[in-house]
Amino acid sequence: MKKIPIFIIAAFTMAISQAQNTTDGLRYSTEQNIGTARFTALSGAMGALGSDFSAINVNPAGGAVFLNSNLMFSASLFDVENKANYFNNSEKSFSDDVAINQLGGVFVINNSNEESAFKKFTIGLNYNTTKSFDNELYIAGTGNNSIGNFFLEQAQGIPLNLLETNGNESISSKYSYLGGLNLPGAQNAFLGYQGFLFDPVDPNDPSNTAYISNIADGSFKQEYAYLSQGYNSKFSINLATQITDNYFLGININTHTLDFDQSSFLLETNSNPGSTVNRVGFENNLSVTGAGISAQIGAIAKLANNFRLGLSFDSPTWYQISEETTQYLESRRVFEGQSIYQEVDPRIINVYEDYTLRTPAKVTASAAYIFGQKGLISFDYSYKDYSAIKFSEINDSYSSFFNDLNNTLNNTLKGASALKAGAEYRINQLSLRGGFHYEESPYKNTEIVGDLTGFSLGAGYNFGRVTCDLAYSRSEQERNQKLYSVGLTDVAKINSIYSNFVVSLGFNF
């Protein structure tokens, strides 16, 4: 796909490269247990219950279960704790995000015609954060594989004259030029060569395509820091109706907003005999914005006074996404007995041509049993085929890369089930809640990313026209994370704990 490297202090040039991978597709295709406090406390198992703004996001028919017009907003504290084990060294990192994660209103129109089968119509608007991207990760340990191999592998096969600056060429102009060539990894190779991480086998041959590392084998102390922030949100227009006393139908038209920023920095040092380079720092930054659209349809049926079933279908979400990247390299080498610090900073923003992403569709089946005024139990089962994630170009100029990526997604990912269960017990105006949720890994190889499991707790009090609810949700998941896709492919084992605290205020009219 195309990208436009922009000189931070200069003008535009055109370029071609690729940046997307499996992780990107999953990042925008998965959701978290975030919503109203009641929804969160029941672990999201509300597809057959309705009468909740986040429940509408599961099954649009839930809008017609509201008895009165209602406004609600929710605030959350989202916390992530990561424990990383890398070459038997363990490190912990934490991140927090406070936000208004839900805001909605529903207007109930009761039908006064008693002979009509349509008893009620509802119109709802709801904003919901479906995923927080705020995260921090710190990995440290001493391994036997160098970041130099990341640059060396990508340099092999690239002519030397493309990695050198000639005449009046600057680091920025050559880096920009390489971005315009259909040579994956050329910009990384250029950074490594300009940082003296490797040398050509034949330095006198401009067409030389073989290189040797200036970093000798041995042990390498590495520190890797990752920081991300942003959100994926959904704004829904909900239309629902109640037919007789037993059936509810609804649809949602949704717009989605993506805002994601990530930064990673690896610092490596070594004291290996024969190494002319003993320190390397490598920074990568990514900024993503996007907008999407999707639709949902759902139904709820009362099969008995106390028993309900729900069924809903979520269409794929179609996103149009924009990306920007920047890179920076620093190194320290020994030359003629002197320690020399080298900084390779292109000072260029690579602006990629927009592309489209289609996330998988989802089917959800729900059931709930209501014990009169005393409480309820509810269950949701959903299925989503992550191998159906599809990247595509807006024009047809660069379809080869996306075809290969989509084949990789199809071979790597699979359909995954999710099971959610919740229970509520009422004592007069006080409600006590709890839930459990389980989601299968989207990967065929679950050692890459494991299953996610969690529980939730909460309470609410009904003051009449005002309701106040609190909830806590905790989820845990393990994964094996490669530091880089080539060269330095050593794996860190990550255990992540996601905690979500939510408070909601509702107003009935």
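Residues numbered from 1 in each chain as written. Predicted model: local features only at pLDDT ≥ 70, side-chain atom pairs only at ≥ 80, totals over all residues. Heavy atoms only, no water.

**Quick notes on the pattern of salt bridges**
By the definition in use, this model includes nine salt bridges. Here K92 makes a salt bridge to E81, at a shortest N to O gap of 3.9 Å. With K92 in strand β4 (residues 89-110) and E81 in strand β3 (residues 70-86), this residue pair connects regions lying 11 residues apart in the sequence. Across the pair R433 and E424 runs a salt bridge, and its minimum N-O distance is 2.4 Å. Residue E424 is classed as buried on the basis of its relative accessible area of 5%. (Salt bridge = Lys/Arg side-chain N within 4 Å of Asp/Glu carboxyl O. Helix = DSSP H or I, 4+ residues; strand = E, 2+ residues; numbered from the N terminus. Buried < 20%, exposed > 50% of the residue type's maximum accessible area, 1.4 Å probe, protein only.)

**What to know about the nonpolar core**
Membership of the largest hydrophobic core comes to 60 residues, with the highest contact counts inside it found for Y28, I139, I147, F151, L163, F198 and Y484. Non-local contacts of Y28, meaning those with residues more than four positions away in its chain, are made with F133, N232, L258, F260, V288, Y319, I321, L357 and T359. The next biggest cluster of nonpolar side chains, apart from the first, holds 10 residues, and it includes A48, L49, A55 and A368. (Core = buried A, V, L, I, M, F, W, Y, C linked by side-chain atoms within 4.5 Å. Contact = heavy atoms within 4.5 Å.)

**A look at the side chain of S233**
Following the sequence through the fold, S233 ends up in strand β9 (residues 220-243). Discounting chain neighbours no more than four positions away, the residues touching S233 are Y127, N128, T129, T130, T255, H256 and T257.

**Re the pairing of strand β20 (residues 415-427)**
As defined by bridge partners, strand β18 (residues 375-385) adjoins β20 across 11 bridges and the pair is classed as antiparallel. Each residue of the ladder has a partner; that of K384, found in β20, is A416. Where β20 lies against strand β21 (residues 430-439), 10 bridges are found, and the strand directions are antiparallel. Paired with L419 across the bridge in β21 is Y438. Linking two consecutive strands that pair antiparallel, namely β20 and β21, is a turn of two residues; a positive phi of about 60° is found at N428 within it. (Pairing = 2+ DSSP bridges.)

**As for the packing of aromatic side chains**
Counted according to the given criterion, the structure contains 21 aromatic pairs. A ring pair is formed by F78 and Y498, whose centres lie 6.4 Å apart and whose planes are at 15°; its orientation type is stacked. With F78 in strand β3 and Y498 in strand β24 (residues 491-508), the pair connects residues that are 420 residues apart, well separated along the chain. Of the two residues, F78 and Y498, neither departs from the other in class, the shared state being buried. Ring geometry for F150 against F282: centres 5.7 Å apart, planes inclined by 45°, an arrangement best described as tilted. Placement of the pair is F150 in helix α4 (residues 148-155) and F282 in strand β11 (residues 277-302), with a sequence separation of 132 residues. Members of the aromatic cluster, connected to one another through ring pairs, are F150, F151, Y224, F282 and Y484. For the cation-ring pair, R333 lies above F196, with the distance from its terminal atom to the ring centre recorded as 3.6 Å. (Phe/Tyr/Trp six-rings, centres within 6.5 Å; stacked < 30°, edge-to-face > 60°. Lys NZ or Arg CZ within 6 Å of the ring centre and 35° of its normal.)

**Digging into the packing of α4 against helix α7 (residues 186-194)**
Axis separation between α4 and α7 bottoms out at 8 Å; the angle between their running directions is 120°. If you check the angle between α4 and α7, you find them oblique. α4 and α7 meet at a crossing whose hand is left-handed. Counting all contacts with α4, which are made through F150, F151, Q154 and A155, the residues of α7 involved are N188, A189, L191 and G192. Across the contact of α4 with α7, the residue classes break down as five nonpolar, three polar and no charged. (Axes fitted to C-alpha atoms, helices over the stretch in contact; angles between N-to-C directions. Parallel < 35°, antiparallel > 145°, perpendicular 65-115°, else oblique. Left-handed = near helix turned anticlockwise from the far one by under 90°. Nonpolar A, V, L, I, M, F, W, Y, C, P; charged D, E, K, R; others polar.)

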